[in-house]
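The lines below spell out each chain.
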Amino acid sequence: MKPYLSMFLMSARRTFAYRLSALIGWLGGGAILISSLSVWHALLGEGAIAGYDWPMMKAYLVVAWAAGSIGASQGDWRMADRIREGHVATDLTKPVDYQGSRFAEHAGGLATEIPAILIAASAVIAFTGSIPGPANVFLFLLSFACVVPLKFCFTYLTAMLCFWTHNFMGISWAKDAIIWLFSGGLIPLSMLPVWLSVPASLLPFAGITATPAALYLGQATGAEAARLLGLQVFWVLALWFGARLLWRGALRALTVHGG
Amino acid sequence: MGLVKAQSLTKVFRRPQKGPGLRGSVKHLFQRRFKDVPAVNGIDVSIEAGEAVAYVGPNGAGKSTTIKLLCGILVPTSGSVEVAGVTPHVDRIANARNIGVLFGQRSQLWWDLPVRESLGLLRDMYDLPKGFYQQRIERLDEVLGIGELMPVLARKLSLGQRMRADLAAALLHQPRIVYLDEPTIGLDIAVKDKVRKFLRELRADGTTLMLTTHDLGDIEDVCERIIIIDEGRKIFDGPLAQMKDSFARTRRMHLHITDGTPMDVIAKHLSTADVSGEGSEVTIAFDRFAHTAGQIIAAVLQVAEVGEFHLDEPAIEDVVRKVYAGELLV
Ligand SMILES: Nc1ncnc2c1ncn2[C@@H]1O[C@H](COP(=O)(O)OP(=O)(O)OP(=O)(O)O)[C@@H](O)[C@H]1O
Ligand SMILES: [Mg+2]
């Protein structure tokens, strides 16, 4: 565990080395939160859409934004560049697991992401009035914790595509767009047409926003909450071990770039 | 029993045959064509504990690929590898504990953090006891002067400083087996000397060393055995001295003739040597096993007056250059 903890802390320190660019990133993120809040405020008025009134929607948007911020400070390119520039070679000469190391590094971003989320939530409460608290704090935190490995797996799998393709930017954007839509980051899944919302609720993306939001808002309780959490955990494990298998295959079939 | 053993080691890369531009890329999606590039082609190597081996060859010969195979980074297409009883690509992590690796062209330091932090992380990765770590840092400071680099951000290091810090990082855990892929690339003479001195000490400590380089000075300074590869095949493997004996037989003597004796008179007199030159400057190339330098000078003195003269010793450079140029087939 020690090497991974050490890597986690190193990565956290590195995030602080880029204070300015991190600040700019968070300002941009804040602007997105403000604009989605104003759009929904205008749409909802005093009424409700698909069961969401204004206070509920506020809570949803904050949870969605928080989930979106997880991993955001690390940037997909960091992992992709390791492969593109051949740093993998040096990484693999170390007596540590590659995927575990990348996870520790990715998680290091939490050091700035968590404070940013807390600041944003406080600001929303300060400026727009209180938002409903989590229906079940424990279940919500459990579910939200799963967002960290889930988002890591998507980034890791996407970065792995660099073994095959040179156009990483395009793939990374496509990945973000898919996650945005299918996780419920764009709008709650229940507002999508049925032919989209049903498959989306079963796919791993739902675990990134829809599941923690449903547990926060108390839309799922009891057996339904357990089912959602179980599905989320299932996807974490499936993606984690799937990525491992794929990585092994990639190394065997493909190669490490550069002299 | 070799400590590092490779048998019929082969790595074939599949290189996509892709046309230029977007059109080529799209076409490639549907009509996948590949060309097989054998980067390492049936190499047999056995290195004993404590040996220092130079691994040389022209660009693209397959040196780095061999090192990556020995580290377990790449999986061989065929053949076998065993390093200290471990098959690297099967048990990469166990192998990683035995080896230290430097890829001179890239750094393993964390770019945005002080050097100290990168070394601290390695201490945790290899689980080094505190006292041992302290002692290693002191030792590495003595020979590489890394003490002054510890608080510096890695991205602010000069190339030479970076290489010193990277060497320290590769050797921190005192590995038994060390692979260095171009450890002196881009360094100035002073830093090169420092690195070479360090490598000699490493050898004296009993470390098994494999070194790839294009700088032949590194080899003569550090290694007693040389392996030459070209296009993925081994073309020479033996003691450095033997290589010089077999391939670097020619010595050159440069003379300044003071009495105006024409060159062809000397050439006629020395029928078994090759005489060339211009005016009073004459160069005589001769087989060092057929003649001694003394015999040559004595013979010249019979027909001409000699002022200054000096002798070029055969350099492995000549041999390797010939091999690179395809003039020498072993
Ligand atoms: N990832 C890869 N994919 C395809 N071909 C590769 C790959 N890596 C290396 N090669 C090819 O394998 C051959 C050997 O490369 P290698 O890097 O081992 O050479 P080298 O001896 O280290 O050369 P240099 O002195 O230039 O560093 C070259 O022809 C190279 O183009
Ligand atoms: Mg190379």
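Residues numbered from 1 in each chain as written. Chains lettered and ligands numbered in written order. Predicted model: local features only at pLDDT ≥ 70, side-chain atom pairs only at ≥ 80, totals over all residues. Heavy atoms only, no water.

A.B. asks: Which residues make up the overall build of chain A, and what are the values?
C.D. replies: Check the secondary structure of chain A and you find 12 helices and 2 strands. The C-alpha radius of gyration computed for chain A amounts to 19 Å, which stays within 12% of the reference 18 Å derived for 259 residues, consistent with globular compactness. Split into buried and exposed, the 259 residues of chain A put 50% on the buried side. For chain A, the proportion of contacts with a sequence separation of at least 24, taken over those separated by at least 6, is 78%. Counting every atom, chain A has about 11,900 Å² of accessible surface; 74% of that belongs to carbon and sulfur. Placing the 16 positive and 11 negative side-chain charges of chain A at their respective mean positions leaves the two points 10 Å apart. (Helix = DSSP H or I, 4+ residues; strand = E, 2+ residues; numbered from the N terminus. Rg over C-alpha atoms; globule rule 2.2 N^0.38 Å. Buried < 20%, exposed > 50% of the residue type's maximum accessible area, 1.4 Å probe, protein only. Contact = heavy atoms within 4.5 Å. Areas by Shrake-Rupley, 256 points an atom, 1.4 Å probe, with all protein chains shown as cover. Lys, Arg positive; Asp, Glu negative; His and termini not counted. Charge placed at Lys NZ, Arg CZ, Asp CG, Glu CD.)

A.B. asks: If you had to explain the site of ligand 1 to someone new, which residues and values would you point to?
C.D. replies: Near ligand 1 lie 15 residues; those nearest to it are G60(B), K63(B), S64(B), T65(B) and H214(B). Taken together, the residues near ligand 1 originate from chains A and B. Within the side chain of N59(B), one N or O atom sits 2.8 Å away from an oxygen atom of ligand 1. Measuring from an oxygen atom of ligand 1, one finds a backbone N or O atom of A61(B) at 3.1 Å. Here ligand 1, which alone exposes 640 Å², has 78% of that area covered by the protein. (Near = heavy atom within 4 Å. Polar contact = N/O pair within 3.5 Å; in protein donor to acceptor, adjacent residues only side chain to side chain.)

A.B. asks: Please set out the interface of chain A and chain B residue by residue, giving values where relevant.
C.D. replies: Residue-level contacts link 33 residues of chain A with 32 residues of chain B. In total, chain A and chain B occlude about 2,900 Å² of area from one another, counting both sides; carbon and sulfur atoms represent 61% of this. Area buried by chain A at its contact with chain B is led by M10(A), K94(A) and P95(A), which between them contribute 23% of it. The interface formed by chain A and chain B contains 3 salt bridges. Between E117(B) and R13(A) there is a salt bridge, with its nearest N and O atoms 2.6 Å apart. Taken together, chain A and chain B are joined by 8 residue pairs in polar contact (both at pLDDT 80 or more). For the side of chain A that touches chain B, the elements supplying multiple residues, two or more each, are α1 (2-17), α5 (88-91), α6 (98-107) and α12 (222-253) of chain A. Ranked by residues supplied to the side of chain A that touches chain B, first place goes to α1(A) with 9 residues. Looking at side-chain class alone, the side of chain A that touches chain B contains 13 nonpolar, 11 polar and 9 charged residues. (Buried area = accessible area lost by both parts, 1.4 Å probe. Salt bridge = Lys/Arg side-chain N within 4 Å of Asp/Glu carboxyl O. Nonpolar A, V, L, I, M, F, W, Y, C, P; charged D, E, K, R; others polar.)

A.B. asks: Kindly report on the confidence of the model for chain A, identifying the contributing residues and their values.
C.D. replies: When pLDDT is averaged along chain A, the result is 90, and 97% of the positions lie at 70 or above. Mean pLDDT across the secondary structure elements of chain A bottoms out at helix α4 (residues 76-84) of chain A, with 84, and peaks at helix α11 (residues 210-217) of chain A, with 96. (pLDDT = per-residue confidence, 0-100.)

A.B. asks: Just give me the short version of the packing of helix α8 (residues 137-160) of chain A against α11(A), but keep the residues and values in it.
C.D. replies: Residues and elements named next belong to chain A. Remark: α8 packs on α11, axes separated minimally by 9 Å, with the N-to-C direction vectors making an angle of 165°. Classified by the interaxial angle, the pair formed by α8 and α11 is roughly antiparallel. Between α8 and α11 lies a crossing whose hand is left-handed. Here L139, F140, S143, F144 and V147 of α8 come into contact with α11, specifically with T211, P212, L215 and Y216. For the contact of α8 with α11, the residue count by class is 7 nonpolar, 2 polar and no charged. (Axes fitted to C-alpha atoms, helices over the stretch in contact; angles between N-to-C directions. Parallel < 35°, antiparallel > 145°, perpendicular 65-115°, else oblique. Left-handed = near helix turned anticlockwise from the far one by under 90°.)

A.B. asks: Before we move on, can you summarise the packing of helix α3 (residues 54-69) of chain A against helix α7 (residues 110-128) of chain A with the specific residues and values?
C.D. replies: All names here are of chain A. Two elements in contact, α3 and α7, have axes whose closest approach is 10 Å; the angle formed by their N-to-C orientations is 160°. It follows that α3 is roughly antiparallel to α7 by the angle criterion. The interaxial crossing formed by α3 with α7 has right-handed handedness. Of α7, the residues touching α3 (which contributes K58, V62, W65, A66 and S69) are E113, A116, I117, A120, A121, V124 and T128. For the contact of α3 with α7, the per-class residue count stands at 8 nonpolar, 2 polar and 2 charged.

A.B. asks: Kindly report on the packing of aromatic side chains, identifying the contributing residues and their values.
C.D. replies: Residue and element names in this part refer to chain A. Applying the stated criterion across every chain, the model contains 14 aromatic pairs over all chains. Taking 5.8 Å as the distance between ring centres and 40° as the angle between the ring planes, the aromatic pair formed by F152 and W240 counts as tilted. A residue pair is termed long-range when its members are at least 10 positions apart, and F152 in helix α8 and W240 in helix α12 qualify at 88 residues. Residue F152 is classed as buried on the basis of its relative accessible area, which comes to 0%. Residue class for W240 comes out buried when judged on its relative accessible area of 17%. Relative to W247, the ring of Y156 lies with its centre 6.1 Å away and its plane at 35°, an arrangement referred to as tilted. With a gap of 91 residues between them, Y156 in helix α8 and W247 in helix α12 connect regions that are remote in the sequence. (Phe/Tyr/Trp six-rings, centres within 6.5 Å; stacked < 30°, edge-to-face > 60°.)

A.B. asks: How would you explain the side chain of T65(B) if you had to name every residue and give the values?
C.D. replies: Positionally, T65(B) belongs in helix α2 (residues 63-71). Aside from chain neighbours lying at most four places away, what touches T65(B) is K11(B), F13(B), A39(B), V40(B) and L74(B).

A.B. asks: Let's hear about the pairing of strand β5 (residues 99-103) of chain B: which residues, and what values?
C.D. replies: Residues and elements named next belong to chain B. Here β5 lies mainly inside the structure; 5 of its 5 residues are buried. In this structure, β5 lies alongside strand β6 (residues 177-181), joined through 5 bridges in parallel fashion. If you follow G100 over to β6, its bridge partner there is V178. (Pairing = 2+ DSSP bridges.)

A.B. asks: Tell me about the sheet that holds strand β1 (residues 4-16) of chain B, and name the residues and values.
C.D. replies: All names here are of chain B. Reading across the sheet, the 3 strands line up as β2-β1-β4 and stay open at both edges, with antiparallel pairing between neighbours. Two strands in the sheet have a free side with no partner beyond their single neighbour: β2 (34-47) and β4 (78-83). On average, adjacent strands in this sheet sit at an angle of 30° to one another, irrespective of strand direction. Taken together, the 5 bridges between β1 and β4 define a ladder with antiparallel strand orientation.

A.B. asks: Residue-level account of unusual backbone geometry, with values.
C.D. replies: With the exception of glycine, most residues fall at negative phi, and the peptide bonds are largely trans. Residue and element names in this part refer to chain B. With a phi close to 50°, A84 is a non-glycine residue in the positive phi region. A84 sits in the partly exposed class, given a relative accessible area of 23%. In this structure, D127 takes a positive phi of about 55° despite not being glycine.

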